[in-house]
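# A look at the structure
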Amino acid sequence: MTGILIIEQTLNGLQFGLMLFLLAAGLTLVFGIMDMINLAHGSLYMLGAYLMASLAAATGSFLLGLVLAVLATGAIGAVLEFMLLRRLYERDHLSQVLATFALILIANESVRMLWGPQQMMLNAPAALAGPVELLPGMPYPAYRLAVIAVGLVVAAALYLLVTRTRMGMRVRAGASNREMAQAMGVDIRRLFTVVFAIGAMLCAVAGAMLGPLLAVQIGMGEEILILAFVVIVIGGIGSIRGALVGALLVGMADTAGRAFLPILFRAFLPPEYASGIGPGLASIMIYLIMAGVLFWKPQGLFPARG
Amino acid sequence: METQPTAARSGAAFAPRAGVALALWSLLALSLLPHALDALGQGFYIGFASRVLVYALAASSLNLVIGNAGMLSFGHAAFLGTGAYCAALLWTGGTTSAWILWPAAMCVAALAALVIGAISLRTRGVYFIMITLAFAQMLYYVVVSLKVWGGDDGINLGARPRLGLAPGFALDLADEFNWYYLCLGILALALWLSGRLAASRFGRVIAAQRENEIRAEAIGFPVYRYKLILFVIAGAAAGLAGALLAAQNGFVSPKLMHWTQSGSLMVMVILGGVGHRYAGVLGAGLLLGLEEILSAYTLHWAFWVGLTLLGVVLFAPRGIAGLFSREAAGR
Amino acid sequence: MSAARGPGNALLELQGLAKHFGGVAATDGVSLAVRAGEILALIGPNGAGKTTLVAQISGLLRPDDGLIRFEGADITRAAVHMRVRLGLARAFQITSIFRGFTVLENLALAVQARSGTSLSFWRPAASEAALQDEARHYARLAGLAGSETRIAGALAHGEQRQLEVGLALATRPKLVLLDEPMAGLGPEESARMIELIESLRTQTTVLLVEHDMDAVFRLADRIAVLVRGRIIADDVPAAIRAHTEVIRAYLGEEAAS
């Protein structure tokens, strides 16, 4: 029984961790290369989820909806970068906070105008609606397996993009030393529009895939944004590898905390307290991990700069 | 090439006469405001004005940290919330005197700032932003998960505390006029004190380390200690603002500690003009005023608030105070 | 300030200071004594480890090995501000002043750091006559009389260098560590700086790290030569001058190999 629970929760943690990675990957590049704090990253995640819900319903196909939502969010990201964010790279962190906080307000309110204040329903595709028997006596939702698969494929594709292509090399050069990359003749401006668009697309993938599992609602970006920041600070700002490790760490810790801490507390607390304390402590644990990492390794686990 | 007279400059360093006059006129105008609102039949807005004053106190305390000391704290709501919850918990425990509730809120918030600051101030730059944010979120989740403290729903207080001024006489804080003048008095006092602080020896060290931390250390200042003291002072002031907010609203909720609350306070300070002495007041007035006005016309006021903030970033980079004075620019 | 000046009376003593950066030894067992009252110049080619040594003496870098004594007390692990309080101040190679402050405000801060408590929250610092008067004194000393109310960031480069040295002096050090004070100065500015350092001779002990050999030979009572993280010579200027051929040959050999 407990063995099955542990496997199940590990898979859940892996699934959440991979989705966090998709969010953190774009954020860490923006942060690492341009030294830009983008609070509106979570808004792209929310937009991705809303677009997915609408487009999947309109086309009647989950897959088609996903592709369209990802492309649309990528386009929004590129436009945003081109019109606004690039004016902020040279500004101080305060201006970036103010501007991107403003973007959160605008994004949330735009969504409320376009889609209304209620939650959106987004169902898993019918083919993946049921459970799969992973081990004898251990059913696991097929859709969650699909989320893991998508996460792994996208993470692998991203890895190849960053390590094996010319563009990836430029991105890494930019993350470790912006001036040098510029001196080498890399057109940082254009490169960055592309990087930002890819980051937005990754947000959309995460938003779309998590849509059927979590609520698609206004404000969904704010919670997960902070988790993504925690991930990149743990992993080392600017490091894709760090983002992956940090995301899995945070995903696992959060899931395990939610699942096992209430059980632990039920041993010596009345149930009505135990059930409330569990999730709270799981969230606290994540911040403790971050504080611990910063204490021992102030630059994160995989510092991108020497 | 030749320099301006010394007297003018040393005077300008801490209390320009024009500034004093402006401050006194503003205070007079704010004193008359409730009566003006009442005369215009807009008495409802007195409560709103008090709320602005309380937020102005909270934002001004953050301005000490961001503006005076140059430390980008993204977790100031932690102290606002700590103060509010401290007052609320004492209140539900049967304490009704403001003379106990508010100082206690300040002490507990100062203690929280001492612990959080002692750890966070060892980091710099972006990492400081993130670690202060992390601590605030931790406190947020503590409060959310404690069902005995009301969890997500928070705590209802019902009434405002009792402020005894003499044996047998207490100021009736339920009266919106009294409450307004109390908030105004506290804010004015806090601003006056922070003005003194900025010009004092301590304030000079704080400004010096903002300008050049390594140099401040290299002429013999234990910079970390000074920064921590400032952080604690700001935390205590935010705690008082939290306790006032609890009394003003009649309830407290975990929302007070959420990171978006820290974000709003930060936005107020930036909007007002970082480092300007009245940045917190200007910013709180503008942001809350904008919300209030726009929400009268449209359900989607937040959209227009966002657009306005964006406009400020792009076209008034030094905040509103920067449009009118050179003080914010030079500092 | 004017401690006893007997020979062998070491004010600052370095014993086997070592600092490695990833296997490369920046300082490789530096031992050196600065006697009270003297001007000791430290010279050496680029990359000899001067910057690393200065950082260790002032406390910005912790040595991997070795000992730093100041007036006999071990300060190897003391924080930067503690060293300054003990009387070991420095001027930076890259000008490090409070650029947004006036000259007087800069110097008043340094005076404030060593006189009275800075945990005073009420009285305006600018109204403290004693603080201002002392700051003015150091402005004169640094050759900045008449510029007291100018904003430091707006001073000419040479004046900023003078303020840099003035900041160190205003802490009233027993030993002042001057890190390339002539850096980037024109001939006229250099002359003024040499004059300023010369005037310190009677007031404090100076450890002068400098590239400008004219200045070094005009000012130094003693010269130490740092090459590849080690002191290879330490003697009076005349002897070092005689030695110069040897050193140059040595350096040439090093460079050739």
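Residues numbered from 1 in each chain as written. Chains lettered and ligands numbered in written order. Predicted model: local features only at pLDDT ≥ 70, side-chain atom pairs only at ≥ 80, totals over all residues. Heavy atoms only, no water.

## A closer look at the nonpolar core
If you look at the biggest cluster of nonpolar residues, it comprises 252 residues, and the most contacted ones within it are Leu39 of chain A together with Trp102 of chain B. With 16 residues, helix H10 (residues 223-249) of chain B is the largest single contributor of residues to this core. Not counting chain neighbours up to four residues away, the residues in contact with tryptophan 102 of chain B comprise Pro161, Leu163, Leu173, Trp179, Leu182, Leu240, Ala243, Leu244 and Ala247 of chain B. Judged by nonpolar contacts, the second largest core, of 25 residues, contains Ala36, Leu40, Ile57 and Ile68 of chain C. (Core = buried A, V, L, I, M, F, W, Y, C linked by side-chain atoms within 4.5 Å. Buried < 20%, exposed > 50% of the residue type's maximum accessible area, 1.4 Å probe, protein only. Helix = DSSP H or I, 4+ residues; strand = E, 2+ residues; numbered from the N terminus. Contact = heavy atoms within 4.5 Å.)

## Looking at the interface of chain B and chain C
Contacts between the two partners involve 35 residues from chain B and, on the opposite side, 43 residues from chain C. Here chain B meets chain C over a buried area of about 3,500 Å², counting both sides, of which 62% is carbon and sulfur. Three residues stand out in chain B for area buried against chain C, namely Arg201, Arg215 and Ile219 of chain B, and they jointly supply 25% of the buried area on that side. Where chain B touches chain C, the interface holds three salt bridges. Here glutamate 105 of chain C ties to arginine 204 of chain B by a salt bridge, and the two come within 3.4 Å at their closest N and O atoms. Listing elements by their share of the side of chain B that touches chain C, those giving two or more residues are helix H1 (6-14), helix H7 (176-199), helix H8 (201-211), helix H9 (213-218) and H10 of chain B. (Buried area = accessible area lost by both parts, 1.4 Å probe. Salt bridge = Lys/Arg side-chain N within 4 Å of Asp/Glu carboxyl O.)

## Thoughts on the packing of helix H3 (residues 62-83) of chain A against helix H8 (residues 188-210) of chain A
Residues and elements named next belong to chain A. Where H3 meets H8, the axes come as close as 7 Å, and the angle between the chain directions of the two elements is 145 degrees. Here H3 runs over H8; the crossing is right-handed. Of the residues in H8, those in contact with Phe62, Leu66, Ala69, Val70, Leu71, Thr73, Gly74, Gly77, Ala78 and Glu81 of H3 are Phe192, Thr193, Phe196, Ala197, Ala200, Met201, Ala204, Val205, Ala208 and Met209. Of the residues belonging to the contact of H3 with H8, the class tally is 15 nonpolar, four polar and one charged. (Axes fitted to C-alpha atoms, helices over the stretch in contact; angles between N-to-C directions. Left-handed = near helix turned anticlockwise from the far one by under 90°. Nonpolar A, V, L, I, M, F, W, Y, C, P; charged D, E, K, R; others polar.)

## Points about the sheet that holds strand E2 (residues 24-35) of chain C
Residue and element names in this part refer to chain C. Taken in spatial order, the four strands line up as E2-E1-E4-E5 in an open sheet, and their pairing is antiparallel. Every other strand in the sheet has two partners, leaving E2 and strand E5 (73-74) as the edge strands with one partner each. Alignment of strand E4 (residues 65-70) against E5, held across two bridges, turns out to be antiparallel. Among the inter-strand pairings, arginine 69 is bridged to a residue of E5, identified as aspartate 74. Those strands touched by helix H1 (residues 50-58) are strand E1 (10-21), E2 and E4, and its axis lies near 120 degrees from that of E1. (Pairing = 2+ DSSP bridges.)

## So, unusual backbone geometry
All names here are of chain C. Residues other than glycine seldom take positive phi values, yet arginine 172 does so here, at roughly 55 degrees. Secondary-structure assignment places arginine 172 in the loop between helix H5 (157-170) and strand E7 (175-179). Here the phi dihedral of glutamate 180 falls at roughly 50 degrees; this positive angle occurs in a residue that is not glycine. Here glutamate 180 shows up in the loop between E7 and helix H6 (187-198).

## So, the interface of chain B and chain A
Of the residues lining the interface, 39 residues belong to chain B; the matching set on chain A comes to 45 residues. A combined buried area of about 3,900 Å² lies between chain B and chain A, and 83% of that area is made up of carbon and sulfur atoms. If you look at where chain B meets chain A, you find zero salt bridges. Taken together, chain B and chain A are joined by six residue pairs in polar contact (both at pLDDT 80 or more). Secondary structure elements with two or more residues in the side of chain B that touches chain A: helix H6 (125-145), helix H11 (259-272) and helix H13 (301-315) of chain B. Tallied by class, the residues present in the side of chain B that touches chain A amount to 30 nonpolar, eight polar and one charged. (Polar contact = N/O pair within 3.5 Å; in protein donor to acceptor, adjacent residues only side chain to side chain.)

## A word on a nonpolar patch on the surface
Residues and elements named next belong to chain A. Among the surface-exposed residues, Ile7, Val132, Leu134 and Leu135 lie close enough to one another that they form a single nonpolar patch of about 280 Å² accessible area. Counting residues per element, the nonpolar patch draws most heavily on strand E1 (residues 131-135), at three residues. Tracing the chain through its elements places isoleucine 7 in helix H1 (residues 2-34). (Patch = residues over 30% accessible without salt bridge, like charges linked within 9 Å, V, L, I, M, F, W, Y side chains within 5 Å. Areas by Shrake-Rupley, 256 points an atom, 1.4 Å probe, with all protein chains shown as cover.)

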